[in-house]
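One-letter residues, chain by chain:
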Amino acid sequence: PHLAALVLARGGSKGIPLKNIKLLAGVPLIGWVLRAAMDAGVFHSIWVSTDHDEIEKVAKQFGAQVHRRSPEVSQDSSTSLEAITEFLNHHHEVDIVGNIQATSPCLHPSDLMKVADLIQKEGFDSVFSVVRRHQFRWSEVKKGENKMTEPQNLNPAKRYRRQDWPGELYENGSFYFAKRHLIEKGYLQGGKMAYYEMRAEHSVDIDIDIDWPIAEQRVLSFGYFGKEPLKEVKLLVCSIDGCLTNGRIYVTEDHKEMVSYDYRDIVGVDLLKKRGIQVRLISDRDCSKTLSAMQLGCVAKVNVTNKLQVLKDWQEDMGLSWKEVAFLGNEESDVECLKQAGMSGVPADACAAAQKAAGYICKSRGGCGAVREFAEHIFLLLEKVNSARKQ
């Protein structure tokens, strides 16, 4: 049977404008679930249903196909079932739909693989995700009613300790898998049903803006970053113009060049060095005088015509794997380096080709704190590496 992953990503959002492609820990929100779906290896096709050009662009960057949904199923009042039904009406080859929520950035491929087995090998018609919670519920008393609240799932005289109570299962909205015949009858859950219990730390759902900074920390701690395990970064190579500086060159009347930089980025370079990470600089043009004036004390290569070759030479000389190399670039000449490095980033104002190739897109612009921000991102991922080692 043809199993299709389908992510519904409408352009309109009452809470956060274009929430589905807003950057979360340097990656568009929808990118986290698309990465997990791709690496699960169980889907015959992976789709994003959207009504928005920018979402379509991001979806294709992550390798998904795009179904342009109609205005009729793109309203605030439209249901997921209506959008999924429309998708099936246009794709008769699909037998099973795995509806994955774009707002679940801690989803892992292993979860999707196990659910695929439940529905394909064990014969379930629908499978949905749940999370276990240990929360005591009480009946609601409306304002003005002279009533007492009543316990719903506990005896107040004998309150359970957490370790003595298994808790209850709640839908967490991460995914809903269902067979075509069920959806065509108007159900996402029905027939022979099963739930799939996700780990609590992977159960992240972004609904309101205040959740965003919390979700970023959760993703950095528990998110899925790719098939290969993260390694400790030993080398950061940074493009000078447009990353360390803002790319602008000021020329005085006596033909001297001047550039500006942000002191935060200098601090970022120093912090990286203190953590034992070598920082090397690279540029397409001859900016040796600028580097001398900045007094960074970093190995640098200027007038470079092939940045990737220089990066390879440095990587081999230091005896590093690519997973131990990070690269911060911003131009088309940086694209191959961004693709090759184990960790890659670009400033917020990098060109489109560089943004597409990067694993992390900074909130800061080039020359305005992007180096410091990328350094902080590296430090957070190093904490994740160290945590994995301890486990």
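Residues numbered from 1 in each chain as written. Predicted model: local features only at pLDDT ≥ 70, side-chain atom pairs only at ≥ 80, totals over all residues. Heavy atoms only, no water.

In this section: the side chain of Ser78. The topology assignment puts Ser78 in the loop between β5 (65–68) and α3 (80–90). In this structure the side chain of Ser78 is engaged in a polar contact, spanning 3.0 Å, whose partner is the backbone nitrogen of Gln75. Once residues lying within four places of it in the same chain are set aside, the contact partners of Ser78 are Glu72 and Val73. (Helix = DSSP H or I, 4+ residues; strand = E, 2+ residues; numbered from the N terminus. Polar contact = N/O pair within 3.5 Å; in protein donor to acceptor, adjacent residues only side chain to side chain. Contact = heavy atoms within 4.5 Å.)

All right, on to helix α10 (residues 307–317) then. Of the positions making up α10, those classed as buried are Lys307, Leu308, Val310, Leu311, Trp314 and Gln315. The buried residues of α10 all sit within an arc of 160° when viewed along its axis, so they share a single face. Every exposed residue of α10 that faces more than 90 degrees away from the buried side is listed here: Glu316 and Asp317. The opening residue of α10, the one whose side-chain oxygen lies 3.3 Å from the backbone nitrogen of Leu308, is Asn306. (Buried < 20%, exposed > 50% of the residue type's maximum accessible area, 1.4 Å probe, protein only. Arc of directions from axis to C-beta.)

Counted under the stated rule, the structure contains 20 salt bridges. Across the pair Arg68 and Glu56 runs a salt bridge, and its minimum N-O distance is 2.7 Å. Separated by 12 residues along the polypeptide, Arg68 in strand β5 and Glu56 in helix α2 (residues 53–61) bring together distant segments of the chain. Given a relative accessible area of 17%, Glu56 falls into the buried group. Here Glu184 ties to Arg180 by a salt bridge, and the two come within 3.0 Å at their closest N and O atoms. Of this pair, Glu184 and Arg180 both sit in helix α5 (residues 180–184), separated by 4 residues, roughly a single helical turn. Given the relative accessible area of 53%, Glu184 is considered exposed. Overall, Arg180 belongs to the buried group, its relative accessible area being 14%. When salt bridges that share partners are traced, they join Asp53, Glu56, Lys60 and Arg68 into one network. (Salt bridge = Lys/Arg side-chain N within 4 Å of Asp/Glu carboxyl O.)

Here the focus is helix α6 (residues 211–222). A rise of 1.5 Å per residue sets the reference length of α6, with its 12 residues, at 16 Å; its end C-alpha atoms lie 16 Å apart and thus fit the reference within 8%. The complete set of buried residues in α6 reads Trp212, Ala215, Glu216, Val219 and Leu220. The arc that holds the buried residues of α6, viewed along the axis, is 135°, so those residues lie on one side. (Expected span 1.5 Å × (residues − 1).)

Attention now moves to the packing of helix α1 (residues 29–40) against helix α4 (residues 109–120). As a packed pair, α1 and α4 sit with axes 8 Å apart at the nearest point and diverge in direction by 55°. Relative to α4, α1 is oriented oblique. For the pair α1 and α4, the sense of crossing is right-handed. For the pair formed by α1 and α4, the contact residues are Ala36, Ala37, Asp39 and Ala40 on the first element and Pro109, Leu112 and Met113 on the second. Here the residues of the contact of α1 with α4 sort into 6 nonpolar, no polar and 1 charged. (Axes fitted to C-alpha atoms, helices over the stretch in contact; angles between N-to-C directions. Parallel < 35°, antiparallel > 145°, perpendicular 65-115°, else oblique. Left-handed = near helix turned anticlockwise from the far one by under 90°. Nonpolar A, V, L, I, M, F, W, Y, C, P; charged D, E, K, R; others polar.)

Turning our eyes to something else, we now look at the domain arrangement of the protein chain. Per the domain assignment, the segments making up the protein chain are domain 1 (3–222) and domain 2 (235–389). The C-alpha-based centres of domain 1 and domain 2 are spaced at 37 Å. The interface of domain 1 with domain 2 comprises 10 residues on the first partner and 9 residues on the second. The contact between domain 1 and domain 2 buries some 820 Å² in all, and 59% of this surface belongs to carbon and sulfur atoms. In this structure, Glu216 engages Lys363 in a salt bridge whose closest nitrogen and oxygen atoms are separated by 3.6 Å. The interface formed by domain 1 and domain 2 holds 0 residue pairs in polar contact (both at pLDDT 80 or more) in total. Partitioned by chemical class, the residues of the side of domain 1 that touches domain 2 number 5 nonpolar, 4 polar and 1 charged. (Domains from an automatic or database assignment. Buried area = accessible area lost by both parts, 1.4 Å probe.)

With respect to the helices, strands and loops of the structure, Met148 is situated in the loop between β7 (126–133) and β8 (168–179). On the basis of relative accessibility, which here comes to 68%, the residue Met148 falls in the exposed class. Taking the C-alpha atoms as reference points, Met148 and Asp211, separated by 63 residues in sequence, lie 33 Å from one another.

What follows concerns the side chain of Asp241. By the secondary structure assignment, Asp241 is in helix α7 (residues 240–244). Reaching out from Asp241, the side chain makes a polar contact with the side chain of Ser283 at a distance of 3.2 Å. Those residues in contact with Asp241 that lie beyond four places of it in its chain are Gly247, Ser283, Arg285 and Asn330.

In this section: the sheet that holds strand β4 (residues 45–50). Spatially, β5-β4-β1-β6-β8-β7-β9 is the arrangement adopted by the 7 strands of the open sheet, whose pairing is mixed. The open sheet terminates on both sides in strands that have one partner only, identified here as β5 and β9 (193–197). Neighbouring strand axes in the sheet, compared pairwise and without regard to direction, differ in orientation by 30° on average. When strand β1 (residues 3–8) meets strand β6 (residues 96–100), the two strands line up parallel, connected through 5 bridges. Counterpart to Leu3 in the pairing with β6 is Ile96. α1 contacts β1, β4 and β6 of the sheet and is inclined by roughly 160° relative to β4. In the packing of α3 onto the sheet, the strands contacted are β1, β4, β5 and β6, and the crossing angle to β1 comes to about 135°. (Pairing = 2+ DSSP bridges.)

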